[in-house]
Each structure stands twice: as C-alpha cells, then as structure tokens.
Amino acid sequence: MQNLINSTNLATVLGVSNATVRKWINCGKISPVKKDNLYSYFDTSFLPFPEFTEMNESSWQKEEQIKPARTYNSIELFAGGGGLALGLHEAGFNQVLLNEFNHDACETLRKNFKNANVVEGDVHEIDFKPYSGKIDFLSGGFPCQAFSYAGNQKGFDDARGTLFFELARAIKETMPKVFLGENVKGLLSHDNGKTFNTISKIIDELGYYLVPPRVLKAVMYKVPQKRERIFLVGIRKDLKDKVEFHWPSPYHRVLTLRDTFYKGELYDCDVPESIGQKYPKRKAEILSKVPMGGNWRDLPEDLQKEYMKGSFYLDGGKTGMARRLSLDEPSLTLTCAPAQKQTERCHPIETRPLTVREYARIQTFPDTWEFSGSESSQYKQIGNAVPVNLAKAMGHSLIRLLNDMEKL
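All of these numbers come straight from a predicted model, not from anything done at the bench.

Engineer: For this particular structure, what's the right way to read the side chain of lysine 283?
Structural biologist: Following the sequence through the fold, lysine 283 ends up in helix 11 (residues 281-287). Judged by relative accessible area, which is 15%, lysine 283 ranks as buried.

Engineer: Would you explain the packing of aromatic side chains in this entry?
Structural biologist: Two aromatic rings are characterised by how far apart their centres lie and by the angle between their planes. All told, the structure shown has 14 aromatic pairs when counted by the stated rule. Ring geometry for phenylalanine 245 versus tryptophan 247: centroids 5.0 Å apart, planes at 85°, classification edge-to-face. Accessibility classification places phenylalanine 245 together with tryptophan 247 in one group, the buried group. With a centroid separation of 5.0 Å and an interplanar angle of 80°, the aromatic rings of tyrosine 359 and tyrosine 379 are classed as edge-to-face. One end of the pair, tyrosine 359, is in helix 13 (residues 356-362); the other, tyrosine 379, is in helix 14 (residues 375-383), and 20 residues separate them in sequence.

Engineer: I tried to follow the nonpolar core on my own but got confused; where do I start?
Structural biologist: Considering soluble globular proteins, one finds that nonpolar side chains tend to be buried as a cluster. Counting 52 residues, the largest nonpolar core has Leu10, Ile30, Phe52, Val233, Phe245 and Leu398 as the members making the most contacts within it. Elements with a minimum of two residues in this core: helix 1 (7-14), helix 2 (18-27), helix 3 (50-56), helix 5 (83-91), strand 8 (178-184), strand 12 (228-236) and helix 15 (388-406). With nine residues, helix 15 is the largest single contributor of residues to this core.

Engineer: For this particular structure, what's the right way to read the sheet that holds strand 3 (residues 40-43)?
Structural biologist: Strand pairing in a sheet relies on backbone hydrogen bonds. The paired strands run either parallel or antiparallel. In spatial order, the strands read 1-3-2; together these three strands make up an open sheet with antiparallel pairing. The sheet terminates laterally at strand 1 (4-6) and strand 2 (34-35), the two strands that pair on one side only. Sheet analysis places strand 1 next to strand 3, joined by three bridges and oriented antiparallel. When the sheet's bridge partners are listed, asparagine 6 is paired in strand 3 with tyrosine 41. Helix 1 rests against strand 1 and strand 3 of the sheet, and its axis sits at about 90° to strand 1.

Engineer: Looking at this model, I keep getting lost on unusual backbone geometry. Mind explaining?
Structural biologist: Residues other than glycine predominantly adopt negative phi, and peptide bonds predominantly adopt the trans conformation. If you check the backbone angles, phenylalanine 78 has positive phi at about 55° while not being a glycine. Along the chain, the position of phenylalanine 78 falls in the loop between strand 4 (73-77) and helix 5. Taking the relative accessible area as the measure of exposure, phenylalanine 78 reaches 18% and is therefore buried. For threonine 364, which is not glycine, the phi torsion reads 60° and is therefore positive. Within the fold, threonine 364 resides in the loop between helix 13 and helix 14.

Engineer: What's the story with the environment of phenylalanine 137 in this structure? I'm lost.
Structural biologist: Along the chain, phenylalanine 137 falls in strand 7 (residues 137-140). What phenylalanine 137 contacts, discounting residues up to four positions off in sequence, is Asn73, Ser74, Ile75, Leu88, Phe93, Pro176, Val178, Phe179, Leu180, Leu398 and Leu402.

Cut-offs and rules
- Residues numbered from 1 in each chain as written.
- Predicted model: local features only at pLDDT ≥ 70, side-chain atom pairs only at ≥ 80, totals over all residues.
- Heavy atoms only, no water.
- Helix = DSSP H or I, 4+ residues; strand = E, 2+ residues; numbered from the N terminus.
- Buried < 20%, exposed > 50% of the residue type's maximum accessible area, 1.4 Å probe, protein only.
- Phe/Tyr/Trp six-rings, centres within 6.5 Å; stacked < 30°, edge-to-face > 60°.
- Core = buried A, V, L, I, M, F, W, Y, C linked by side-chain atoms within 4.5 Å.
- Pairing = 2+ DSSP bridges.
- Contact = heavy atoms within 4.5 Å.
- Axes fitted to C-alpha atoms, helices over the stretch in contact; angles between N-to-C directions.

See below:
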C-alpha cells in the first residue's frame, strides 16, 4: 500500500522550500506518482532521503508500549498550560511538583491534574532541597534570556538572574538521574552561540553529561503543526557511561489539519465547538478571497495594497500575512494569538480565526483538557505549549533510559 506525501509536506519534513522540491522534480531526482492543481504526490517508499527511511521503518508503535519499571518521580518547572507535563505524564512519569508563575495556567493544571502539587508563584522562591535524592527526573521549558556575562566564562554565575539559572539551581539541589530542557531552536545561535556555550559549561559543572542536543520537528511525531523545538537531555555523570539515550522514532506519516479537525487517526470525533476570536467586517471580506493554502499574494492588487498598507512596498515574502491554512498540510507554528496581521492563521475553509479548541487540537491536547482564564489567556497558554504528542514521544525515550538505569 502506498504511503503518499504531497510536495509541500515533503518540503516541510526535509526543511527545504517548495521551489527546491520543484527543482528536484524537474531534474529527475524525485518522481511524483500523481499530481493535482495544488500538489505533486510521492510514494515515501521510493524517496531517497533518510527521513523517509526512518518513517517507513519506524519503531513508534513499539516505543509507545514502553512502561516505567517502577515509579519515576519528577518535577517540572515553567509548566505553563501543561503540554510538556501532560505528555510526560502520559508516558509514565509521576509528577510530584509542577511550578508555574501564571495564575490562569496554574488553574488549568489544577483543573486537569486533579491531585497534582501545583506550586503557583516565582520559581526563585522555591526551595528544592527537600526533594534531594527523592526524584529521578526534572524538566522545564525555560525562557531563553541573554546572559549578561556570557563572555566572562563565569559558568554557573553567568546565568544568575535568568530563568535557566533557576532550572540549574533545581538540578543542583535535587541531583536527578536525568533532566530535560526544552527551548526554541534559536537557542543554539542565541547571542552568537555564547548563551548555549554557557549553558553547556554549567551543565558540565553540575555533574551532568549533555547528550548532543537535537532540534525536533513536531510534524515527525504525530503533531499536525510545523513547529520546531530544541531538546537538551542531561545524564548524571556517574551513570552516563552505563547507558545510552535513544531519541524517539518518528511517526509513520505527516498528519494534517484534515486529521485534526475531523474524526480519524488523531481524534474519534470532529472538533467540538468552542470560543474563538472574530475578524472585523472588512478584514473578513478581504480574507474571504484568499484560497486555501494561500496568502496576500493571491489577492487582486488593489486589495493587496489595502490590506498590506506600507508592508506592500517592503522587501521579503511576507507569506504570513493574510495567510489561510490548508486542510492538506499541517498548521503553521501557532502563536499566542490566532489573528495577528504578520502571522495570520485563518481557518482553511471558513473565514475566521481558529477557535480555542482547534488551537488545542493542533497542539494535540485531548478534547477533555480544559483551559482556564480569558479567551486571550487560553490562546496564549496553548500557543506557548509543547505539543503533547511530541512531549509523550520524548517521555517514552526518557522512561526507556531510566529503565536501562534500573537494570544496572
């Protein structure tokens, strides 16, 4: 049976442009098995790229069966609306503390993790020493801030005053076997690489081996979204030579918004109705003329100028403006609001912003996961989250690592 992928999704998996894919077709590097008005389609079994070999030979189903050999206690910092926490929980971690500063996000965590120890407030005020020797794993998607003294090679002190310092302090006070840090992919190049070099030095000083980090594409892990995040896995040095961390296997196909909004592989029913923003009348009139998968360039020139205003005359593609999503592709990366002019995320077939529940499905939250706070607060919690299925895939790999440590 053919496992087909369209040209745009092929480009997404490989991290290249649609123009590059067209060039490969024209020079005979790859051959489509069929075409329509929008896409060329390829059988992934015959694509000469290692990404598709991995997808076709994936151990995803086997890894989903990984269970903890015993109870692994964990702590999570900067928990937000719960994407990372939920994914790790579903993989088998027993979270003994979840910390978050934002009140609405804490209410979301309390509402969904009924008996969780949600500590609301500033992470600077938490004493982690009582958990020393009592937890196996610590995680946190720390916000990336510039380190004022990154060029001075002061190690741990370089990070003082940043939220990474608080993650490092929690690690130092609890000494878990393994920790996970998550961030935007730009962390590697932030401040000309100084930030990441300082982070690496601090991890070494804390007594941990940093697994060479990877930027993971969410679309490879059963997430219908073009989102990329970097993951840092640290293994305590007294254990590192005895075990090996295995990154999660990719899912066997790329999921799209059609999988997201309708009953199928991801959900057992169509997306439920929920609250959502609305467009002003004139904006809706203009966006109604943008085809599925299109953007401002698909409008008549007079409407381009009216909608874009001064941006019309600036250089650059500006493809996020007046952007309508496609049912046959994953969503673009979600932002903290669904209707920002520079990063428009218009519904594929209706002229409106995505609803809160549609947002949540794109991040692979279950429909039972309820968000607290105002409409804008709910969008923000979802937009900032780690996709649940990506977090769960990482969780299975981390449980596997801890199971291997148990065998020692």
